[in-house]
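Spelled out, the chains give:
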Amino acid sequence: MERENCILISNGKNWIEQAAVDQLHGVANLPGVVRTVGLPDLHPGKTPVGMAVLSRERFYPHLIGNDIGCGMSLFSTGVKQKKFRMDKWESRLNQVRELSDIPCDNPYEEVCPIRDLGTIGTGNHFAEFQCLEHVYREEEANRLGLLHGRLMLLIHSGSRGYGQEILNRYYSPEGLAEGSKEAEDYLKEHDSAILWAGRNRIVTAEKLLAWLGVEREVTPLLESCHNYLERTEDGWLHRKGSVSTKQGAVVIPGSRGSLTYVCVPAADTSVSLDSVSHGAGRKWARSICRSRIDQKYDRDSIRSTKLKSRVVCHDTNLLFAEAPEAYKNVEQVIASLEDYGLITVVATLRPLITFKG
């Protein structure tokens, strides 16, 4: 699929649902939209997920959606892999039904505007302990702090209800005119949501490690936001499920049963509006997942993966809705980005324990 103002970054092996392509065409026809890019993880939602959209003179809060600031943060835990005890950590984490059950204070001076600071939420959000699987570029991996024999923690979460409150106040199918009071007010709250979403991931990481009896201080390695609006020289760049290539290395996870890719963007990524995928992208709607794979798993096997990792989650429906089968092949997403010359893979990370709740 390619039109003058709408392109799809994908190769022949990477499946993309036609409904998502149709939604992308609809976005491309919005007033003021000058260019639209669908990335390899594109899939349908209220608006298509896995896209970058450039507009002029107006922008559209609903294209960013209700989870402003949602993103991935990769932390070094300081824990040596040889001291990691899978059964012990799994047992300890299973004592927590939801992260909100663990008390948490706001460590920042400002009043916290988001709901349940130190939590990840539901859906595809997660906290995952990982280790280095394979290094393709040793020097770059060392520079990024990706060290053999050390545990890392990847947090995927957003602004925890705050973004929804903002969208409720500023939603307009016609968008917001550049320079209007509504537009300026939205941008201030939008930036606040991004700030607090990032802070929430830090607090969540520290809370998890404290619960596991580990030193609470974590070291941020990579940070990438994938739901936000950026003011550029060319106009307003909306990213919905897409990551900027202009802020250094990016982390691209698949499902809980696949590897996570750490990549360095190419120097010239203008073909994709300086954006790359944020993950593998859904293949199945959540509503049909359980009926398709219910006979494949029992209560124990659904909580482990082919990579020998464990899954801690007390919501059975969520376990099925977020099963690896529900997601596209992340290797094909990465291959599509490579085919377009957008990224170089630095390393892969293997999941050990995935926590959802």
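Quantities reported herein were computed from a predicted structural model and do not represent experimental measurements.

Notes on the overall build of the protein chain
Within the protein chain, the regular secondary structure consists of nine helices and 18 strands. Taking 357 residues into account, the globule formula puts the C-alpha radius of gyration at 21 Å, and the protein chain, at 20 Å, falls close to it. By the burial criterion, 57% of the 357 residues in the protein chain qualify as buried. If you take every contact in the protein chain between residues at least 6 apart in sequence, the share linking residues at least 24 apart comes to 79%. About 15,600 Å² of surface is accessible on the protein chain, with carbon and sulfur atoms providing 46% of the total. Distance from the positive charge centre (44 side chains) to the negative charge centre (46 side chains) of the protein chain: 6 Å.

Notes on the packing of aromatic side chains
Two descriptors summarise a pair of aromatic rings, namely the distance from one centre to the other and the angle between the planes of the rings. All told, the structure shown has six aromatic pairs when counted by the stated rule. Ring centres of Y108 and W196 lie 5.6 Å apart, and the angle between their planes is 85°; this geometry places the pair in the edge-to-face category. Placement of Y108 in the loop between α3 (86-93) and β7 (126-135) and of W196 in helix α6 (residues 181-211) is noted, with a sequence separation of 88 residues between them. On the basis of an interplanar angle of 70° and a centroid distance of 5.7 Å, the ring pair of Y170 and Y186 is categorised as edge-to-face. Of this pair, Y170 sits in helix α5 (residues 162-170) while Y186 sits in helix α6; the two residues are 16 residues apart in sequence, bridging distant segments of the chain. For the pair formed by Y170 and Y186, the shared burial category is buried. Taking the ring centre of Y108 as reference, the NZ or CZ of R199 above it sits at 4.1 Å. Residue placement shows R292 over the ring face of W284; its charged tip is 4.9 Å from the ring centre.

Rules used in this analysis
- Residues numbered from 1 in each chain as written.
- Predicted model: local features only at pLDDT ≥ 70, side-chain atom pairs only at ≥ 80, totals over all residues.
- Heavy atoms only, no water.
- Helix = DSSP H or I, 4+ residues; strand = E, 2+ residues; numbered from the N terminus.
- Rg over C-alpha atoms; globule rule 2.2 N^0.38 Å.
- Buried < 20%, exposed > 50% of the residue type's maximum accessible area, 1.4 Å probe, protein only.
- Contact = heavy atoms within 4.5 Å.
- Areas by Shrake-Rupley, 256 points an atom, 1.4 Å probe, with all protein chains shown as cover.
- Lys, Arg positive; Asp, Glu negative; His and termini not counted.
- Charge placed at Lys NZ, Arg CZ, Asp CG, Glu CD.
- Phe/Tyr/Trp six-rings, centres within 6.5 Å; stacked < 30°, edge-to-face > 60°.
- Lys NZ or Arg CZ within 6 Å of the ring centre and 35° of its normal.

Coordinates in, geometry out; function isn't part of it.
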